[in-house]
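# Reading the structure
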Amino acid sequence: MKLNNQNQKKLLYVVKGINGCCILPLEEWIKWLLYPNERSTSHKNIENMSLEELKEYKEQFEQVKMAELFFKYQNKECTELEHDLVYHYMINHSIEELMESKMNEKELNQAKILLAELKNLSSSEIKNYIQEKNSDYNNLSKIDAYVLHYISIFNYNKASTETTKKIIQQNKEKEVKLRKSLHKDYGYFS
């Protein structure tokens, strides 16, 4: 018996990420899942691995398989099961924890120093930096990709805060005008 297309479930491809940030979240997940873990055991023979190394090897293998599924998800080519696996992975895992698991201490320190320097730049300089790095995202080093992630969030939050402050100021100005108008026209709020 053939299933007709009406009985098939239409999949909704939801993406976890910060709305308004420049980085495409699925590309970011794929990039970080494909990086080898810092203490990669892929060069060893399985028979010579300790239990801890086997666990790390299994985790790395699972991450490569998840990257393949994320790629299918990005192209909206998943089966229902694959779709659900990717969705649940995004919901139950943190991209930040994944990034940090792929970097050694030296790389993390370098990234944090660069990030601190970038936060001191003007908004337009940060925006230019983000656009430049984002234009060649797939070729970024781990350090640059890590910094781009966090500076994008920083820039988004900074812009949101500035917009909120502008709206509050505009509302205060409107309220003052309204009070003056009501006082002039009706004698209220004296």
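Quick look at the overall build of the chain now. For the chain, the helix and strand inventory stands at seven helices and zero strands. Walking the chain from its N terminus toward its C terminus, one meets helices and strands in the order α-α-α-α-α-α-α. Out of the 190 residues belonging to the chain, those deemed buried represent 30%. Expressed as a percentage of contacts within the chain between residues at least 6 apart in sequence, the contacts between residues at least 24 apart total 70%. Accessible area for the chain stands at about 13400 Å²; split by element, carbon and sulfur atoms hold 53% of it.

Before going further, it helps to spend a moment on the confidence of the model for the chain. Residues of the chain with pLDDT of at least 70 account for 87%, and the chain-wide mean is 85. Within the chain, helix H7 (residues 142–186) has the poorest average pLDDT of any element, 88, and helix H5 (residues 105–119) the best, 96. Scored below 50 in pLDDT, residues 1–7 makes zero contacts in the model with residues more than four places away or belonging to other chains.

The next thing to look at is the nonpolar core. Grouped together as the largest cluster of nonpolar side chains are 35 residues, with contacts concentrated most on Trp32, Phe70 and Ile151. When residues of this core are traced back to their parent elements, those giving at least two are helix H1 (25–34), helix H2 (51–74), helix H3 (80–92), helix H4 (95–101), H5, helix H6 (123–134) and H7. By residue number, the principal contributor to this core is H7, which donates six residues.

On the secondary structure map, Gln63 appears in helix H2. At a separation of 2.5 Å, a polar atom in the side chain of Gln63 contacts the side chain of Lys102. The residues contacting Gln63, other than those within four sequence positions of it, are Leu33, Asn37, Tyr89, Leu98 and Lys102.

Given a rise of 1.5 Å per residue, 13 residues ought to cover 18 Å, and the 18 Å separating the end C-alpha atoms of H3 matches this to within 8%. Within the sequence span of H3, burial applies to Glu82, His83, Val86, Tyr89 and Met90. Here the buried residues of H3 occupy an arc of 135 degrees about the axis, which is enough to place them on one side. Within H3, the exposed residues directed more than 90 degrees away from the buried face are Leu81 and Asn92. Each element contacted by the buried residues of H3 is listed here: H1 and H2.

So, about the packing of H1 against H2. Close contact between H1 and H2 brings their axes to 8 Å; oriented N to C, the two are set at 155 degrees. Accordingly, the angle class assigned to the pair H1 and H2 is roughly antiparallel. Seen along the crossing, H1 lies across H2 with a hand that is left-handed. Between H1 and H2, the contacting residues are Leu26, Glu27, Trp29, Ile30, Leu33 and Leu34 on the first element and Gln60, Gln63, Val64, Met66, Ala67, Phe70, Phe71, Tyr73 and Gln74 on the second. In the contact of H1 with H2, the residues fall into 11 nonpolar, three polar and one charged.

The next thing to look at is the environment of Lys16. Of note, Lys16 is situated in the segment before H1. The contacts of Lys16, once residues within four sequence positions are left out, are Pro25, Trp29, Met90, Ile91 and His93.

We now examine H2. The terminal C-alpha atoms of H2 lie 34 Å apart, and with 24 residues this matches the ideal 34 Å at 1.5 Å per residue to within 8%. Burial in H2 covers these residues: Glu53, Glu56, Gln60, Gln63, Met66, Ala67, Leu69, Phe70 and Tyr73. Tucked into the core, H2 has its buried residues touching H1, H3 and H4. Trailing H2 by a residue or two, Lys76 shows a phi angle of about 55 degrees, which is positive.

With that out of the way, let us pick up the packing of H5 against H7. Packing of H5 against H7 brings their axes to within 9 Å, and their N-to-C directions diverge by 40 degrees. The orientation of H5 relative to H7 falls into the category oblique. Crossing of H5 against H7: the hand is right-handed. Here H5 contributes Glu107, Leu108, Gln110, Ala111, Lys112, Leu114, Leu115, Leu118 and Lys119 to the contact with H7, which in turn contributes Lys142, Ile143, Asp144, Tyr146, Val147, Tyr150, Ile151 and Phe154. When its residues are assigned to classes, the contact of H5 with H7 shows 11 nonpolar, one polar and five charged.

Rules behind the numbers
- Residues numbered from 1 in each chain as written.
- Predicted model: local features only at pLDDT ≥ 70, side-chain atom pairs only at ≥ 80, totals over all residues.
- Heavy atoms only, no water.
- Helix = DSSP H or I, 4+ residues; strand = E, 2+ residues; numbered from the N terminus.
- Buried < 20%, exposed > 50% of the residue type's maximum accessible area, 1.4 Å probe, protein only.
- Contact = heavy atoms within 4.5 Å.
- Areas by Shrake-Rupley, 256 points an atom, 1.4 Å probe, with all protein chains shown as cover.
- pLDDT = per-residue confidence, 0-100.
- Core = buried A, V, L, I, M, F, W, Y, C linked by side-chain atoms within 4.5 Å.
- Polar contact = N/O pair within 3.5 Å; in protein donor to acceptor, adjacent residues only side chain to side chain.
- Expected span 1.5 Å × (residues − 1).
- Arc of directions from axis to C-beta.
- Axes fitted to C-alpha atoms, helices over the stretch in contact; angles between N-to-C directions.
- Parallel < 35°, antiparallel > 145°, perpendicular 65-115°, else oblique.
- Left-handed = near helix turned anticlockwise from the far one by under 90°.
- Nonpolar A, V, L, I, M, F, W, Y, C, P; charged D, E, K, R; others polar.

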